[in-house]
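The primary structure of each chain is shown beneath.
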Amino acid sequence: MNYDIQDPALAEVGKQRIYWADRFMPVLSQIRERFEIEKPLTGVRIAACLHVTTETANLMRTLKAGGAETVLCASNPLSTQDDVAASLVVDCQIPVFAIKGEDTETYYRHIDAAIDFQPTITMDDGADLVSKLHSGEVEASIVDGVLAGTEETTTGVIRLKSMAAEGVLKYPIVAVNDAQTKHLFDNRYGTGQSTLDGIIRATNLLMAGSTFVVAGYGWCSRGLANRARGLGAEVIVTEVNPLTALEAIMDGFRVMPMIEAVKEAEVICTVTGNIHVIRGEHFEVMKDGCIVANSGHFNVEIDISALENLSQEQTTIREFVEEYTLKDGRKVYLLGQGRLINLAAAEGHPASVMDMSFANQALSAEHIIQRHQKMENQVYGVPQDIDRTIASLKLKAFGVEIDQLTEEQETYLNSWTMGT
Ligand code: NAI
């Protein structure tokens, strides 16, 4: 078996951590148990380009239990947990190509290794694997062999929808991110909590009393803003969408343009999926000592070149904290090279929320096998029945029961003739 990981000797630690995560993933465990018996993925070859975390390991175990042959590479150079990669190779015999801190060349070499595996399904987080498959550099027979793929995150779905709109997408994609049991929970509660976790682990900062600026008020960023407020920070939101800005106001946040917010901010975190949200003009007026981080998918939200151009000196102060001394003596602290801080400096989302995201991945893979012949080269949502099944299983795992519609209520809700 070919693989490229940091050190197989880390497997024992990784195995324990994967087991710990699994205890909080009851929905995925139930799917795995069914897959063990039914083997719905027999003969399927899955190349996954995902953050190599304990939760991803449990997804890979589930796909393998379903009969699939799998390979895993990283979806970000800084998000790999080397002990998890080791355990997947040593304990699960799943080939992994991922090393935390790998350079760009190695990152793409690892994606190439996943492509060489000749997948029939791709599982992406950010669409780097799909992009490489569509680059024209990959043998046509490999691309033609892919039946369909899944996509985990907002940025990836945006990229893939734009490929579909241009008519260049060569196989169908299921947008796992768009499932309600994914983005309403993973993006909001998962990114919200783990982004703070990353910022706190990197800096050991006291949130209470700090002025914390969140760029965006989408699913991830509203989660972050609300959790930062919960820790006692004074939170300012920046937005470009008038509707979401209005929601932020009515949720009780101050809203202002970034150029004003940077003058007050002690911490700024971008989570927009957009480019250069913090740029030269912002660094020029930023408060001395400001800590800047990103939790959006790509490290494009902070214009790091602009920061470098404005700086006279750069020092690593502690792990994941880079001090930039600007030419006028002010300091700016950049966390985790501007890469998604929850995965760079912490462990990513808690397992309990990834339980639902990865249940969507596993069931979407099964759905693809059943339905791919009827799918066009478009981006599809996750079928509603999968969403409802996952929500019901998660509620059951929480030990929560809910009411059922009575016959009378069902009739009432479906009728236009019944008024008062
Ligand atoms: P979303 O579409 O729900 O929200 C993005 C928000 O940012 C929108 O309200 C938009 O109006 C706003 N925005 C865009 N440009 C802006 C600008 N220049 N200034 C201020 N606001 C701006 O997207 P979602 O789901 O919240 O995802 C955001 C990013 O986070 C994506 O890149 C996504 O892939 C990534 N993500 C990261 C995760 C992590 O683990 N760190 C997990 C899930 C998603």
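Cut-off values and rules
Residues numbered from 1 in each chain as written. Predicted model: local features only at pLDDT ≥ 70, side-chain atom pairs only at ≥ 80, totals over all residues. Heavy atoms only, no water. Phe/Tyr/Trp six-rings, centres within 6.5 Å; stacked < 30°, edge-to-face > 60°. Buried < 20%, exposed > 50% of the residue type's maximum accessible area, 1.4 Å probe, protein only. Lys NZ or Arg CZ within 6 Å of the ring centre and 35° of its normal. Near = heavy atom within 4 Å. Polar contact = N/O pair within 3.5 Å; in protein donor to acceptor, adjacent residues only side chain to side chain. Areas by Shrake-Rupley, 256 points an atom, 1.4 Å probe, with all protein chains shown as cover. Axes fitted to C-alpha atoms, helices over the stretch in contact; angles between N-to-C directions. Helix = DSSP H or I, 4+ residues; strand = E, 2+ residues; numbered from the N terminus. Parallel < 35°, antiparallel > 145°, perpendicular 65-115°, else oblique. Left-handed = near helix turned anticlockwise from the far one by under 90°. Contact = heavy atoms within 4.5 Å. Nonpolar A, V, L, I, M, F, W, Y, C, P; charged D, E, K, R; others polar. Core = buried A, V, L, I, M, F, W, Y, C linked by side-chain atoms within 4.5 Å. Expected span 1.5 Å × (residues − 1). Bend = angle between axes of the 7 residues up to and from the residue. Pairing = 2+ DSSP bridges. Disulfide = S-S within 2.5 Å.

What follows concerns the packing of aromatic side chains. For the structure on display, the rule yields four aromatic pairs. With centroids separated by 5.0 Å and ring planes inclined at 80 degrees, the aromatic side chains of Tyr107 and Tyr108 adopt a geometry described as edge-to-face. By relative accessible area, which is 4% here, Tyr107 ends up buried. The exposure class of Tyr108 is partly exposed, given its relative accessible area of 34%. One cation-aromatic arrangement involves Arg45 over Phe117; the distance from NZ or CZ to the ring centre is 4.1 Å. Taking the ring centre of Phe253 as reference, the NZ or CZ of Arg229 above it sits at 4.0 Å.

The next subject is the site of the ligand. As a structural note, the neighbourhood of the ligand is formed by 26 residues, with Thr153, Thr154, Thr155, Glu239 and Ser295 the closest of them. Thr153 has a polar side-chain atom sitting 2.7 Å from an oxygen atom of the ligand. Asn274 has a polar side-chain atom sitting 3.1 Å from a nitrogen atom of the ligand. Bound to the protein, the ligand loses 85% of the 870 Å² it would expose on its own.

Let us now look at the packing of helix H2 (residues 26–38) against helix H17 (residues 384–398). Relative to each other, H2 and H17 sit at 115 degrees, their axes nearing to 9 Å. Put simply, H2 runs roughly perpendicular to H17. Of the two elements, H2 crosses H17, and the hand of that crossing is right-handed. When H2 is examined against H17, the residues Pro26, Val27 and Gln30 are found in contact with a partner set consisting of Ile390, Leu393, Lys394 and Ala397. Tallied by class, residues from the contact of H2 with H17 come to five nonpolar, one polar and one charged.

The next subject is the nonpolar core. Ranked by size, the top nonpolar core spans 53 residues in total, and within it Leu41, Ile46, Leu59, Leu63, Leu72, Leu88 and Val96 carry the most contacts. Those elements giving two or more residues to this core turn out to be helix H1 (11–22), H2, strand S1 (45–49), helix H3 (54–65), helix H4 (82–90), strand S4 (121–124), helix H16 (351–371) and H17. At 10 residues, the largest contribution of residues to this core is made by H16. If sequence neighbours within four positions are ignored, Leu88 has contacts with Ala57, Met60, Leu72, Gln93, Ile94 and Val96. Counting 28 residues, the second-largest nonpolar core is a separate cluster that includes Val71, Phe117, Val146 and Met163.

Along the chain, Gly66 falls in the loop between H3 and strand S2 (69–73). The spatial distance from the C-alpha of Gly66 to the C-alpha of Ile386 is 17 Å, given a sequence separation of 320 residues. Ignoring sequence-local partners within four residues, the contact set of Gly66 consists of Phe35, Lys39, Pro40, Leu41 and Thr42.

For helix H9 (residues 180–203), spanning 24 residues, the distance from its first C-alpha to its last is 33 Å, which sits close to the expected 34 Å at 1.5 Å a residue. Of all the bends found along H9, the most pronounced is centred on Asp186 and spans about 35 degrees. The first or second residue beyond H9 is Asn204, which carries a positive phi of 60 degrees.

What follows is about the sheet that holds strand S5 (residues 148–151). Read across the open sheet, the seven strands follow the order S3-S2-S1-S4-S5-S6-S15; overall the sheet is parallel. Each end of this open sheet is capped by a strand with a single partner; those strands are strand S3 (96–97) and strand S15 (379–381). With five bridges joining them, S1 and S2 adopt parallel strand pairing. If you follow Cys49 over to S2, its bridge partner there is Cys73.

Before going further, it helps to examine the state of the cysteines. Counted according to the given criterion, the structure contains zero disulfides. Residue Cys73 stays outside any disulfide, its sulfur separated by 3.8 Å from that of Cys49, the closest cysteine. Note on Cys73: relative accessible area 0%, which makes it buried. Residue Cys92 stays outside any disulfide, its sulfur separated by 17 Å from that of Cys73, the closest cysteine. By relative accessible area, Cys92 is classed as buried at 17%.

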